[in-house]
Amino acid sequence: AQTVTQSQPEMSVQEAETVTLSCTYDTSENNYYLFWYKQPPSRQMILVIRQEAYKQQNATENRFSVNFQKAAKSFSLKISDSQLGDTAMYFCAFMKETSYDKVIFGPGTSLSVIP
Amino acid sequence: KAGVTQTPRYLIKTRGQQVTLSCSPISGHRSVSWYQQTPGQGLQFLFEYFSETQRNKGNFPGRFSGRQFSNSRSEMNVSTLELGDSALYLCASSLDLQETQYFGPGTRLLVL
């Protein structure tokens, strides 16, 4: 069975600084998708970034980028120029490529951006 | 394009009652998934519907059920409510089964 681990329950970062959130996963699959979701205090879950396992190039979305290491089964999220609005719970998630499979979420990392 | 909507946003019930939650996916999305989020268990998958058929089911008792209508709207029902059912219930929609999921704001259920 697939598992997703986020070893940092809580993190904090100064505004305008850079922070990296860690995520590791366990799977025997070769093709899959990885996601980072953000859940601010308002509770609306928002997709931050998506990575296809077959792509070697790391995904980037504005200030958000990932470091995808397939062999190490690692998928970290880097947030550059942190803003107060980045304060949220961040979930790493895994989805197999084959049909009819659910998304598996990690336990989350609570990120606080300090002014 | 409007996002995923869930109704009601907040709900208070007592033990033994039943509850129905509703989810309207993003227009054009055919897949709807339901998750339960609690502080202790995190995000747990309940079930996924596609074309009015349940495609996948998580490890929850039979008190939890759902359905999907022809317009892709979905409902989730919990019967014989227990205190432990208090949670945030999230609905997510996607274009197809293997597409990115987009979440609604959730329904916060409190069972007294």
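Source: prediction; values computed, not measured. (Residues numbered from 1 in each chain as written. Chains lettered and ligands numbered in written order. Predicted model: local features only at pLDDT ≥ 70, side-chain atom pairs only at ≥ 80, totals over all residues. Heavy atoms only, no water.)

Looking at the interface of chain B and chain A
At step 1: At the junction of the two partners, chain B supplies 19 residues and chain A supplies 20 residues.
At step 2: Together chain B and chain A conceal approximately 1800 Å² of surface at their shared face, both sides included; 52% is due to carbon and sulfur atoms.
At step 3: On the surface where chain B and chain A come into contact, there are zero salt bridges.
At step 4: At the level of elements, β4 (31-38), β5 (42-50), β6 (53-57), β9 (87-94) and β10 (102-103) of chain B are the ones that each hand at least two residues to the side of chain B that touches chain A.
At step 5: Considering every element that reaches the side of chain B that touches chain A, the biggest residue donor is β5 of chain B, with three residues.
At step 6: Each residue belonging to the side of chain B that touches chain A can be placed in one class, and the counts come to nine nonpolar, six polar and four charged. (Contact = heavy atoms within 4.5 Å. Buried area = accessible area lost by both parts, 1.4 Å probe. Salt bridge = Lys/Arg side-chain N within 4 Å of Asp/Glu carboxyl O. Helix = DSSP H or I, 4+ residues; strand = E, 2+ residues; numbered from the N terminus. Nonpolar A, V, L, I, M, F, W, Y, C, P; charged D, E, K, R; others polar.)

Remarks on unusual backbone geometry
At step 1: Note the cis peptide between T7 of chain B and P8 of chain B, where omega equals -10°.
At step 2: Along the chain, P8 of chain B falls in the loop between β1 (5-7) and β2 (10-13).
At step 3: The backbone phi angle of A16 of chain A is positive, close to 80°, even though this residue is not glycine.
At step 4: In this fold, A16 of chain A is placed in the loop between β2 (10-14) and β3 (19-21).
At step 5: The class for A16 of chain A is partly exposed, based on a relative accessible area of 46%.
At step 6: Its identity as a non-glycine residue notwithstanding, T80 of chain B has a phi of 45°, on the positive side.
At step 7: Inspection of the secondary structure assignment puts T80 of chain B in the loop between β8 (74-78) and β9. (Buried < 20%, exposed > 50% of the residue type's maximum accessible area, 1.4 Å probe, protein only.)

Concerning the environment of Q51 of chain A
Residue and element names in this part refer to chain A.
At step 1: Mapped onto the secondary structure, Q51 falls in strand β6 (residues 46-52).
At step 2: For the pair formed by Q51 and F75, sequence separation is 24 residues and the distance between their alpha carbons is 9.0 Å.
At step 3: For Q51, the contacting residues outside a window of four places in its chain are Y32, Y33, L34, Q57, N58, A59, V66, F68 and F75.
At step 4: A distance of 2.9 Å separates the side chain of Q51 from the backbone nitrogen of A59, its partner in a polar contact. (Polar contact = N/O pair within 3.5 Å; in protein donor to acceptor, adjacent residues only side chain to side chain.)

Quick notes on the side chain of S93 of chain B
Residues and elements named next belong to chain B.
At step 1: Within the secondary structure layout, S93 lies in strand β9.
At step 2: Residue S93 is classed as buried on the basis of its relative accessible area, which comes to 0%.
At step 3: Here H29 takes part through its side chain, which lies 2.7 Å from a polar atom of the side chain of S93.
At step 4: Residues in contact with S93, not counting those within four places in the same chain, are V4, P25, I26, H29, S31, V32, T100, Q101 and Y102.

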